[in-house]
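In case you want the letters, here they are:
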Amino acid sequence: MFRIHKTLDIITIFHKPSLPSSTRVLNLLRTASANASEQANATLDQASSTTSSGGKDLRDDFEIEVTESLPTPDQLSTIIDYLGSKGVKPGAVVQGAASKDDALKKLSESGFARPIVVDWSNGKAVIGDNESEILRLLRKGDESI
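Residue positions are counted from 1 within each chain, in the order its sequence is given. Thresholds applied to this predicted model are a pLDDT of at least 70 for local features of residues and 80 or more for the giving and counting of side-chain atom pairs; totals over whole chains, interfaces and linings are not thresholded and use all residues. Excluded from the side-chain calculation are hydrogens and water; included are all heavy atoms of the structure.

K.L.:
What should I look at first to understand the sheet that holds strand β2 (residues 62-67) in this one?
P.N.:
Each strand in a sheet pairs with its neighbour through backbone hydrogen bonds, running either in the same direction (parallel) or in the opposite one (antiparallel). Strands are labelled as partners when DSSP assigns at least two bridges between them. Elements are defined by DSSP. Helices are runs of H or I of four residues or more, strands are runs of E of two residues or more, and each kind is numbered from the N terminus. Taken in spatial order, the 4 strands make up an open sheet running β2-β1-β3-β4, and their pairing is mixed. Strands at the two margins of the open sheet, each flanked by one partner only, are β2 and β4 (124-127). Pairs of neighbouring strands in the sheet enclose a mean axial angle of 15°, with direction left out of account. Bridging between strand β3 (residues 116-119) and β4 involves 4 bridges; their strand directions are antiparallel. To obtain an axis, a line is fitted to C-alpha atoms, over the contacting stretch when the element is a helix, and the angle between two such axes runs from 0 to 180 degrees between their N-to-C directions.

Here you go:
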């Protein structure tokens, strides 16, 4: 008998290695990914005895995509939509942008905020290094972000 394997969710970090905050976020994601992988491979007894992030389980194993490049226009548009649902303005993502269209125009000439963590599968994004928000993004079934 065989099992159909579910495709892993992809969590992207728009990273800048020279920023300590970006390096902290990348390390947090790597640790969370390792913990999720361990939890996914644990026996039922082991899994029931371990909790993470205040008792809420992390999602199943996920893949981390690290990129130092700018997002594509489609990615930027999606990121702004995800963050906009939480009240974050486009100017927080692309320096000096007054709207999404303005951000798309200014992307290559203005500063792009980093780190930004994006969960493409669940339509969520976090800008900056707020550990609790990032861990909330990584939890199963947490719709509060």
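K.L.:
Looking at this model, I keep getting lost on helix α5 (residues 131-138). Mind explaining?
P.N.:
An α-helix turns once per 3.6 residues; consequently, residues spaced three or four apart project the same way. Within α5 the residues assigned to the buried category are I134, L135, L137 and L138. Viewed along the axis of α5, the buried residues span an arc of 155°, placing them on a single side of the element. Exposure is judged per residue with a 1.4 Å probe applied to protein chains only, and the accessible area is read against the type maximum: over 50% gives exposed, under 20% gives buried, and values in between give partly exposed. By definition, the arc is the one covered by directions from the helix axis to the C-beta atoms.

K.L.:
What is the right way to look at helix α3 (residues 73-84) in this model?
P.N.:
Helix span, as expected, comes to 1.5 Å for every residue beyond the first. Look at α3: 16 Å from first C-alpha to last across 12 residues, which is about the 16 Å you get at 1.5 Å a residue. Listing the buried residues of α3 in full gives L76, S77, I79, I80, Y82 and L83. Residues are treated as being in contact if the distance between any of their heavy atoms lies within 4.5 Å. Where α3 is buried, its residues meet β1 (9-14), α4 (100-106), β3 and β4.

K.L.:
Explain unusual backbone geometry to me, please; I cannot follow it from the model alone.
P.N.:
Across the junction of R114 and P115, the peptide omega takes the value 0°, indicating a cis bond. As for its position among the elements, P115 is in the loop between α4 and β3.

Distances and angles like these do not, on their own, reveal function.
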